[in-house]
Amino acid sequence: MKAARPRVLNRDTGEIKTDKDGNTVYEVTVSVEDELGRIELVKIGITGEPPIKAGDAVNAVGLLGYVWEMAGRWGISYRASALLPAREAADA
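The numbers attached to residues start from 1 for each chain and follow its sequence in the written order. pLDDT decides what is reported in this predicted model: residues at 70 or higher carry local features, side-chain atom pairs at 80 or more are listed and counted, and totals for whole chains, interfaces and linings draw on all residues regardless. Water and hydrogen atoms play no part in the side-chain values, which are based on all heavy atoms of the structure.

## Regarding the sheet that holds strand E8 (residues 73-79)
How we decide: Strands were regarded as paired on the criterion that DSSP finds at least two bridges between them. Numbering of helices and strands runs from the N terminus; a helix is a DSSP stretch of H or I covering at least four residues, while a strand is a stretch of E covering at least two.
With mixed pairing, the 5 strands of this open sheet are ordered in space as E1-E4-E5-E8-E7. At either end of the open sheet lies a strand with only one pairing partner, and these are strand E1 (5-6) and strand E7 (64-70). Pairing between strand E5 (residues 39-47) and E8: 2 bridges, direction parallel. When the bridges of E8 are listed, Ile44 appears paired with Tyr78.

## Some remarks on the environment of Asn59
Secondary-structure assignment places Asn59 in strand E6 (residues 58-61). It is 29 Å that separates the C-alpha atoms of Asn59 and Arg11, two residues lying 48 residues apart in sequence.

## Description of the pattern of salt bridges
Side chains bearing opposite charge may pair, as long as their charged atoms lie close to each other. Worth spelling out the cut-off: For this document, the term salt bridge refers to a Lys or Arg side-chain nitrogen within 4 Å of an Asp or Glu carboxyl oxygen. In this scheme, a residue with accessible area under 20% of its type's maximum is buried, one over 50% is exposed, and one in between is partly exposed, where area comes from a 1.4 Å probe on protein chains only.
All chains considered together, the criterion is met by 5 salt bridges. Two residues, Glu27 and Arg7, come together in a salt bridge whose shortest N-O distance is 3.7 Å. On the criterion of sequence distance, the pair formed by Glu27 in strand E4 (residues 25-33) and Arg7 in the loop between E1 and strand E2 (8-10) is long-range, its members being 20 residues apart. When its relative accessible area of 17% is taken as the criterion, Glu27 is described as buried. For the salt bridge of Asp56 with Lys53, the shortest nitrogen-to-oxygen distance reads 3.1 Å. Overall, the relative accessible area of 10% leaves Asp56 in the buried class. Taken together, the shared-partner salt bridges connect Arg5, Arg7, Glu27 and Lys43 into one network.

## Here we look at a nonpolar patch on the surface
Convention followed: Patch definition: residues above 30% relative accessible area lacking any salt bridge, with like charges linked at up to 9 Å and the nonpolar side chains Val, Leu, Ile, Met, Phe, Trp and Tyr linked at up to 5 Å. Under the convention used here, a 1.4 Å probe and the Shrake-Rupley method define accessible areas, while residue burial counts only the protein chains that appear.
Together, Val67, Trp74 and Ile76 make up a nonpolar patch on the protein surface, roughly 370 Å² of accessible area in all. Take Ile76: it is sitting in strand E8.

## Re unusual backbone geometry
At Ala71, a position not held by glycine, the phi torsion is positive, near 50°. Among the secondary structure elements, Ala71 is positioned in the loop between E7 and E8.

## Thoughts on the nonpolar core
Considering soluble globular proteins, one finds that nonpolar side chains tend to be buried as a cluster. Basically, it comes down to this: To qualify as a nonpolar core, a set must consist of buried Ala, Val, Leu, Ile, Met, Phe, Trp, Tyr and Cys residues joined through side-chain atoms within 4.5 Å.
With 10 residues, the main nonpolar core is built from Ala4, Tyr26, Val28, Val30, Val42, Ile44, Ile46, Ile52, Ala80 and Leu83. Put simply, the parts of the chain that give this core at least two residues each are E4 and E5.

Interpretation note: all reported values are geometric properties and have no functional meaning in isolation.
Listed below in structure tokens is the structure:
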């Protein structure tokens, strides 16, 4: 996975996305492998900087996917309540 970084709403102004309480929303890109061995890159949004670093195996706590559609395009946005290093999540 890549390191967490604040999600940018407007590249021209540098505006950073915040949640309803004003906390910075971070974006983390992770690779996900399904049971057939296919790998996808997925971006997960999370409030606050998660305690992970690039290359960590992670567990997404409370992961939800939201389908969106805009101007004839669609996709799925992912959000988690926490992203924890896999070793910590296993101990919890």
